[in-house]
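The chain contents come next:
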Amino acid sequence: MPMRDRFPILQKKTYFNSCSQGALSIDVQQAYAQYLKDWDEKGSPWELWVERSETARQAFAGLINADANEVADCTSVSAGVSALASALDFSGARNKVVVSDFEFPTIAQIWHAQEARGARVVHVPAAGNVIPLERFADAIDERTKIVSITHVCFRNGSKLDVPAIVEMAHRKETPYKLAIVKAIPSFSGLWVYKDDHTEVRILGAIARVLPDLFTIESVEQAIMEEWNDPLKAISARKSYDRTTTRTVQPTEGNPEKPYEFTFPKWWEMREGVAIPSIPMGAGFGDPATGAVGGYRPDRNPTFKKFSTRTMRPVVDFDTCVKCTLCWLQCPDSCFDVTPDGFYDANMDACCGCGVCEAVCPVTNCITMVNESEFANNASQWEMWKKDKAVYKTWLQQKIAVVPERSHGFRFRGQYEEQVATLVAEGLAGAAGGGEEITEKIVSDAGEASAGGVE
Ligand code: SF4
Ligand code: SF4
């Protein structure tokens, strides 16, 4: 059917009222009749209606060459803008709303209604039937909260250069202060627990950049009351002393988005979607004796944790006392119980956290070695069973160089020892030539910085 024939009113009238109420098509008539029919016959079929609404949203996105995520489904543009405006906070210094003189009246009125909440509305004036870009450049500044513009003017059809105005709005951000808190990277919380004083160091940094909020003395007092830990109080004070700030200008930085993820939408997921559990495992064969036994859990067939590993454990089965601690403590259930009762770290599952090394009670029975030393994920226990002398030589080569762990600690209590040493060195430095010690601590272990907006 020709497009015009789908709008019966066009047989009798020339229709100009498309802005407010478009001409009624037979498709809309039929959809509306269906909606009433569903309501009457099915009660309240919300899932069906939401699905229809999503279908319409996606179809419209395709029509304007947009992603469905960029399209909001509202009863009118005014309702959509009103919802957005009501969600903004205009109580601070950044309270300016820039609107053009080409807005549909309700849009500007919605923004003016926000003046009661602290908004300051500025109109970008037209020059005849156009609005020159320079006028937007003059209006948008560091106090601008939002720029609300129409693409096409409802009065004269004039089009605004939306990409250029968006770029202008994003470029003119307020300069901000970046707080730099120097510290040793600890990877705490990433596979391993270490009390690395992060929380008190952040409190010390806040006392430096926001002295009106609280003082370093009050932080020290609170730490002693809460934890009675002088080391934590010293860490907070050192962070306070070392924290620096610098002003970041709007022109600095990299405009590229570092990461972007597209998550599956709910309507794209299978009905009743569930993450399947990992199947049970079973016993397996001893390569030397052929005996079947032990227990090896099945692994996730698609997600391989070892891809994040920077170090891996090497096990000396000759000294293992089968205490089970590695098997119990491994956060990823990596250890296969072998038919002869040893514990073989499965390298398809090991993330390299190093907990097994730290908990093993036998000295040098488990040693974390840099991942770059290995070419595959072969079973160490199978290698040991096939030829123990060859395995011994291999193991000694692997653990000949035991570098500083990239994360975690090699034995229980090591971190407390390290912190005590570093704090003592830092204190000695503060008494004389403190910068040298600061430099040493920072450069010894790499430099980590955390940013904050002042
Ligand atoms: S085998 Fe050791 S290093 Fe690997 S995940 Fe388990 S505890 Fe961590
Ligand atoms: S923790 Fe050490 S001694 Fe204990 S079972 Fe594991 S490897 Fe053997």
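Residues numbered from 1 in each chain as written. Chains lettered and ligands numbered in written order. Predicted model: local features only at pLDDT ≥ 70, side-chain atom pairs only at ≥ 80, totals over all residues.

Caption draft 1: Expanded view of the overall build of the chain. Along the chain, the regular secondary structure elements total 15 helices and 11 strands. Looking at the chain as a whole, 21% of its 454 residues are labelled buried. For the chain, contacts bridging at least 24 residues in sequence account for 66% of all contacts bridging at least 6. (Helix = DSSP H or I, 4+ residues; strand = E, 2+ residues; numbered from the N terminus. Buried ≥ 20, exposed ≤ 12 C-beta atoms within 10 Å, placed from the backbone. Contact = placed C-beta atoms within 7 Å.)

Caption draft 2: Structural view of the confidence of the model for the chain. On average, residues of the chain score 85 in pLDDT, and 87% of them are at 70 or above. Taken together, the stretch residues 427–454 has pLDDT below 50 and engages in 35 contacts with residues farther than four places along the chain or on a different chain. (pLDDT = per-residue confidence, 0-100.)

Caption draft 3: Representation of the site of ligand 1 in the model. Pro-313, Cys-330, Asp-332, Cys-334, Ala-345, Cys-350, Cys-351, Gly-352, Cys-353, Gly-354, Val-355 and Cys-356 make up every residue found near ligand 1. Broken down by class, the residue content of the shell around ligand 1 amounts to 9 nonpolar, 2 polar and 1 charged. (Near = placed C-beta within 6 Å. Nonpolar A, V, L, I, M, F, W, Y, C, P; charged D, E, K, R; others polar.)

Caption draft 4: Seen up close, helix 1 (residues 26–42). Helix length check: helix 1, at 17 residues, gives a terminal C-alpha distance of 23 Å against a target of 24 Å (1.5 Å per residue), a fit within 8%. For helix 1, the tally of buried residues reaches only 0 of 17 residues, placing the bulk of the element at the surface. Of the residues trailing helix 1, Gly-43 is marked for its positive phi of about 85°. (Expected span 1.5 Å × (residues − 1).)

Caption draft 5: Examining the pairing of strand 7 (residues 292–296) more closely. Where strand 6 (residues 282–285) and strand 7 come together, 3 bridges link them in antiparallel fashion. Its bridge partner being in strand 7, Ala-282 is matched across the sheet by Arg-296. Hairpin connection between strand 6 and strand 7: a loop of 6 residues separates the two successive antiparallel strands, and Gly-290 in this loop has a positive phi of roughly 85°. (Pairing = 2+ DSSP bridges.)

Caption draft 6: Main features of the nonpolar core. Counting residues in hydrophobic clusters, the biggest one holds 31 residues, and the most contacted among them are Cys-326, Phe-335, Ala-345 and Cys-356. Looking at this core, the elements with two or more residues in it are strand 8 (311–315), strand 9 (335–337), strand 10 (343–345), helix 11 (355–359), strand 11 (366–370), helix 12 (380–386), helix 13 (388–398) and helix 14 (414–431). Among all residues touching Ala-345, those that are not within four sequence positions of it are Pro-313, Val-315, Cys-334, Phe-335, Cys-350 and Cys-356. (Core = buried A, V, L, I, M, F, W, Y, C linked by C-beta atoms within 7 Å.)

Caption draft 7: Structural view of the sheet that holds strand 3 (residues 144–148). What the 3 strands build is an open sheet, ordered 2-1-3; its pairing is parallel. Both edges of this open sheet fall to strand 2 (120–124) and strand 3, since each of them pairs with a single strand only. When strand polarity is set aside, the average angle formed by the axes of neighbouring strands in this sheet is 25°. Sheet analysis places strand 1 (residues 96–100) next to strand 2, joined by 5 bridges and oriented parallel. (Axes fitted to C-alpha atoms, helices over the stretch in contact; angles between N-to-C directions.)

Caption draft 8: Inspection of the pairing of strand 8 at higher detail. Most of strand 8 sits inside the fold, with 5 of its 5 residues counted as buried. A two-sided burial pattern is seen for strand 8, the buried positions comprising Met-311, Pro-313 and Val-315 on one face and Arg-312 and Val-314 on the other. Where strand 8 and strand 11 come together, 5 bridges link them in antiparallel fashion. When the sheet's bridge partners are listed, Val-314 is paired in strand 11 with Thr-367.

Caption draft 9: Structural view of the site of ligand 2. Neighbouring ligand 2 are 13 residues, the closest being Cys-320, Cys-323, Leu-325, Cys-326 and Cys-360. Classifying every residue of the shell around ligand 2 gives 11 nonpolar, 1 polar and 1 charged.

Caption draft 10: Geometry of the packing of helix 8 (residues 216–226) against helix 9 (residues 230–242). Two numbers describe how helix 8 lies on helix 9: the axes approach to 9 Å, and their chain directions differ by 160°. In this view, helix 8 runs roughly antiparallel relative to helix 9, as classed from their interaxial angle. Crossing handedness for the pair helix 8 and helix 9: right-handed. Residues Ile-216, Val-219, Glu-220, Ile-223 and Met-224 of helix 8 form the contact with helix 9, whose participating residues are Lys-232, Ala-233, Ala-236, Arg-237 and Tyr-240. A per-class count over the contact of helix 8 with helix 9 returns 7 nonpolar, no polar and 3 charged. (Parallel < 35°, antiparallel > 145°, perpendicular 65-115°, else oblique. Left-handed = near helix turned anticlockwise from the far one by under 90°.)

Caption draft 11: View of the environment of Asn-156. Mapped onto the fold, Asn-156 is located in the loop between strand 3 and helix 6 (162–171). The spatial distance from the C-alpha of Asn-156 to the C-alpha of Val-130 is 9.0 Å, given a sequence separation of 26 residues.

Caption draft 12: The arrangement of unusual backbone geometry in detail. Backbone geometry at Ser-333 places phi at a positive 50°, although glycine is not the residue there. Note that Ser-333 resides in the loop between helix 10 (325–329) and strand 9. Given 14 C-beta atoms within a 10 Å radius, Ser-333 is considered partly exposed.

Caption draft 13: Here's a closer look at the environment of Ala-79. Tracing the backbone through its elements, the reader meets Ala-79 in helix 3 (residues 77–86). Taking the C-alpha atoms as reference, Ala-79 lies 9.4 Å from Ile-110; in sequence the two are 31 residues apart.

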